[in-house]
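Listed below are the residues making up each chain.
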Amino acid sequence: MKLGKKRTASIAAVLGLMIGLTGCMGGNETATNTKESGNAAGKSETSTNTAGGGAYILGEQPLEFSFYGHYDWYTMPNWGEDLSSKWIKENKKVNIVPISSGGNAKQKLSTMIVSGELPDVIWTERGADVEQLRAAGAIVPFDDYLDKYPNLKKWAGEETLNMLRSSDGKLYQFPNWYTTQPNGNTGYLVNKKIYNELGTPSLETTDDLHAYLKLVKEKYPDVIPLEVGQGAEGIDVLSSAFAENRPYVYSALSMMAIPTGSEMTSVFKDEAFRESLVYANQLYRDKLISQDAFTQTLEQVEQKIITGKTAVYAASSPTEYGAIGNALLKEQDPEAGYIMVWPIHKQGLDKNKIFPGAYNQLGWNVSVITSAAKDPEAIFAFLDWFTGPEGQRIIMWGPEGKYWNGTDEDEAPLFTEAFTTDTKGRDELMNATVNLQWSGNTVYVDNSKMKFESTLPEDKKSWETKWQSEITWRTQYDTTEFVNLAPAGDSQEGIISQSVSEIYEKARAQAVLNAASKEEVLAILDQAEADAQEVGYSELLKFKTVKWQENLSKLK
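Conventions we followed
Residues numbered from 1 in each chain as written. Predicted model: local features only at pLDDT ≥ 70, side-chain atom pairs only at ≥ 80, totals over all residues. Heavy atoms only, no water. Helix = DSSP H or I, 4+ residues; strand = E, 2+ residues; numbered from the N terminus. Rg over C-alpha atoms; globule rule 2.2 N^0.38 Å. Buried < 20%, exposed > 50% of the residue type's maximum accessible area, 1.4 Å probe, protein only. Contact = heavy atoms within 4.5 Å. Areas by Shrake-Rupley, 256 points an atom, 1.4 Å probe, with all protein chains shown as cover. Pairing = 2+ DSSP bridges. Axes fitted to C-alpha atoms, helices over the stretch in contact; angles between N-to-C directions. Phe/Tyr/Trp six-rings, centres within 6.5 Å; stacked < 30°, edge-to-face > 60°. 1 Å grid on protein atoms, 1.4 Å probe; cavity = no way out; pocket = protein on both sides within 12 Å on 5 of 7 lines; lining within 4 Å. Points joined across faces, edges and corners; volume = space filled by probe spheres on them. Nonpolar A, V, L, I, M, F, W, Y, C, P; charged D, E, K, R; others polar. Salt bridge = Lys/Arg side-chain N within 4 Å of Asp/Glu carboxyl O.

Undergrad: Before we go on, may I ask you to explain the overall build of the chain in this structure?
TA: Across its full length, the chain carries 20 helices and 15 strands. Its C-alpha atoms give the chain a radius of gyration of 24 Å, within 12% of the compact-globule value 24 Å for 556 residues. Dimensions of the chain along its principal axes, counting C-alpha atoms only, are 70 × 60 × 45 Å. Relative to its 556 residues, the chain shows a buried fraction of 55%. In the chain, once contacts between residues fewer than 6 apart in sequence are set aside, the share between residues at least 24 apart is 79%. Surface summary for the chain: the accessible area is close to 23200 Å², and the carbon and sulfur share equals 49%.

Spelled out as structure tokens, the structure:
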């Protein structure tokens, strides 16, 4: 996929060394694709495998393209080794060649740009990185494909697609796990056996929680009363307890801005954020939360959850380890396991207006097709099939025959008896494809799952699905209007954002770990506000305000 010298220089000049996304693990698998292509963005070759109406027919001839996941932690599983991708490879004739970040996504993408060897597809976060690629002419628009291949347009909807459009009005991003209905798992996991043995006391308010954690510490000295996860994200989750209609993402590192009226205002002055850190500091001083909360690894957190060594776990997705821990603990003791409780709230607030987590219509991340792709329309045709009912059924639950057989009037799979009896095999199949789900269709998958679960007796229902339907999906806040507020890393606002982030992280940790009183917590936050303003925080907030108002205009 060599690019001409002029185009290579142009892309490199516009992009520079792009700011990559960081993670906790690196990959070790590398692959390259050296197909020659000099196509400019939007001027790709016409697909050679089309029907009379001009649409590409997936499966009539082989399609191969390279795929790069722009994350330090991401290593793509070998395509065709699991049952699902093997079926796609054999029946749809699609082969996908992985390109690994090697654990350093920023450097890898920069190297590919400078060398002129862009991959066919880049899987990455929405926002500044995508816009830099677009400005460089390095990615192709999808507008001419939307009516030919109708799944994305049908399932995502015009509102979502409009939110994904770039400043030139064109669509370059194929979303992953987009949705038109609530989803998410943020909330509070509770050790069922400990809770029952302590008499199932009230766990509704922040005062209730504090009292319960003290009781746990007294009666179970070898148990962590409140586990707050890697990076102490549970402390962020707690901020949602101190104000109505306020998900924790407002004051989290990813946003660091509070919508007030029609403007974005300082996180350091936000009353809910300040109260939550005072509360967390008291819990820390009382030794009710992990003393290594800011330094522990994800593996350490997992071990505490699956072995039942914590009484309460607050996190952005506690169900992930909760489901595993629940199954393991119940095997040892039928009375053990985990439950979830309605989100904790400060006394006097309406518990039905407390939203610990958030979701947005655009979902998680996106795939972009680069100008290096020989046949971008064919790749789009695959992604569109992949996000449609058949593609989702196969990548989620395997080929037809074992765990599902046929579909109903809504194209939802008719799950077989094996789906509930062979849970080990089913989960192994599903886990094998998690890192191949690049164009997830949340509404189709969730509705298919819920429809089936509603037909099962209580003891056969999925633990995770039970708590999603009863609590977590009902307590996640729609934050679509706040997407894409982050500035480009090499812009003036991006440089300010990096400085403010460093001030934020230091102040948050100091407030919890070092402060000896409420007054000291607040003094640390006041100093952080002054430091942030000194590096240009007000300018960053103005930038976020403008972006927010643009989003609101698009949604209207």
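Having put the structure on the table, let's press on.
Undergrad: What's the story with the pairing of strand S3 (residues 121-124) in this structure? I'm lost.
TA: Successive residues of a regular strand alternate their side chains across the two faces of the sheet. Neither face of S3 is left uncovered, since the one carrying Val121 and Trp123 and the one carrying Ile122 and Thr124 both have all their residues buried. Two strands pair when backbone bridges link them, and strand S1 (residues 63-69) and S3 are joined in this way by 3 bridges, in the parallel orientation. Across the sheet, Phe67 pairs through a bridge with Val121, a residue of S3. The pairing of S3 with strand S12 (residues 366-369) spans 4 bridges and is antiparallel. Looking at S12, one finds that Trp123 is bridged to Ser367.

Undergrad: How do you make sense of the sheet that holds strand S5 (residues 187-191) when you look at a structure like this?
TA: Pairing between the strands of a sheet is mediated by backbone hydrogen bonds and can be parallel or antiparallel. The strand order S6-S9-S5-S10 describes an open sheet built from 4 strands, whose pairing is mixed. Both edges of this open sheet fall to strand S6 (224-227) and strand S10 (338-341), since each of them pairs with a single strand only. Going from strand to strand, the sheet's axes swing by 20° on average, the running direction of each strand aside. Helix H11 (residues 319-332) rests against S5, strand S9 (310-315) and S10 of the sheet, and its axis sits at about 140° to S10.

Undergrad: Looking at this model, I keep getting lost on the environment of Leu288. Mind explaining?
TA: Tracing the chain through its elements places Leu288 in the loop between helix H9 (271-285) and helix H10 (298-306). Take Leu288: its relative accessible area is 0%, and that puts it in the buried class. In contact with Leu288, not counting residues within four places along its chain, are His210, Leu213, Lys214, Lys217, Pro225, Leu226 and Leu283.

Undergrad: I would appreciate a short explanation of the packing of aromatic side chains in the present structure.
TA: Between two aromatic rings, the relevant description is the distance of the centres plus the angle of the planes. Enumeration according to the criterion identifies 33 aromatic pairs in this entry. With a centroid separation of 6.2 Å and an interplanar angle of 35°, the aromatic rings of Tyr71 and Trp364 are classed as tilted. Within this pair, whereas Tyr71 is found in the loop between S1 and helix H2 (83-91), its partner Trp364 is found in the loop between strand S11 (357-359) and S12, the two being separated by 293 residues in sequence. Residue class for Tyr71 comes out buried when judged on its relative accessible area of 3%. Under the relative-accessibility criterion, Trp364 is labelled partly exposed at 35%. Their ring planes at 80° and their centres at 5.7 Å tell us that Trp155 and Tyr444 sit as a pair that is edge-to-face.

Undergrad: Looking at this structure, how should I read the environment of Val94?
TA: Following the sequence through the fold, Val94 ends up in strand S2 (residues 94-99). Given a relative accessible area of 0%, Val94 falls into the buried group. Remark: the alpha-carbon pair of Val94 and Phe65, spanning 29 residues in sequence, is separated by 8.3 Å. Apart from residues no more than four positions distant in its own chain, Val94 is found in contact with Leu58, Leu63, Phe65, Trp79, Ile88, Lys89 and Phe382.

Undergrad: Can you walk me through the layout of surface pockets in this structure?
TA: Empty space among the atoms can be located by rolling a probe the size of a water molecule over them. Of the pockets and cavities examined, the second largest pocket occupies roughly 470 Å³. Residue lining of the second largest pocket: 21 residues in total, with Glu131, Ser167, Asn484, Lys547 and Glu550 positioned closest to the centre. Elements represented by at least two residues in the lining of the second largest pocket include exactly helix H4 (128-135), helix H5 (151-164) and helix H20 (537-555). For the lining of the second largest pocket, the leading source of residues is H20, giving 5 residues. Tallied by class, the residues present in the lining of the second largest pocket amount to 9 nonpolar, 6 polar and 6 charged.

Undergrad: Help me understand the sheet that holds S1 in this model?
TA: One open sheet holds the 5 strands; their spatial order is S2-S1-S3-S12-S4, and the pairing between them is mixed. The two strands at the open ends of the sheet, each matched to only one other strand, are S2 and strand S4 (174-175). Examined bridge by bridge, S4 and S12 share 2 bridges and lie antiparallel to one another. The partner of Pro175 across the bridge, within S12, is Val366.

Undergrad: Is there a simple way to think about the pattern of salt bridges in this case?
TA: A side chain of one charge can pair with a side chain of the opposite charge if their charged atoms are brought near each other. Enumeration according to the criterion identifies 25 salt bridges in this entry. Ionic pairing is found between Lys193 and Glu197, a salt bridge with its closest N-O pair at 3.4 Å. Of the two residues, Lys193 and Glu197 both sit in helix H6 (residues 192-197), 4 residues apart, roughly one turn of that helix. By relative accessible area, which is 47% here, Glu197 ends up partly exposed. Among the ionic contacts, a cluster of salt bridges with common partners joins Glu458, Lys461, Lys466 and Glu470.

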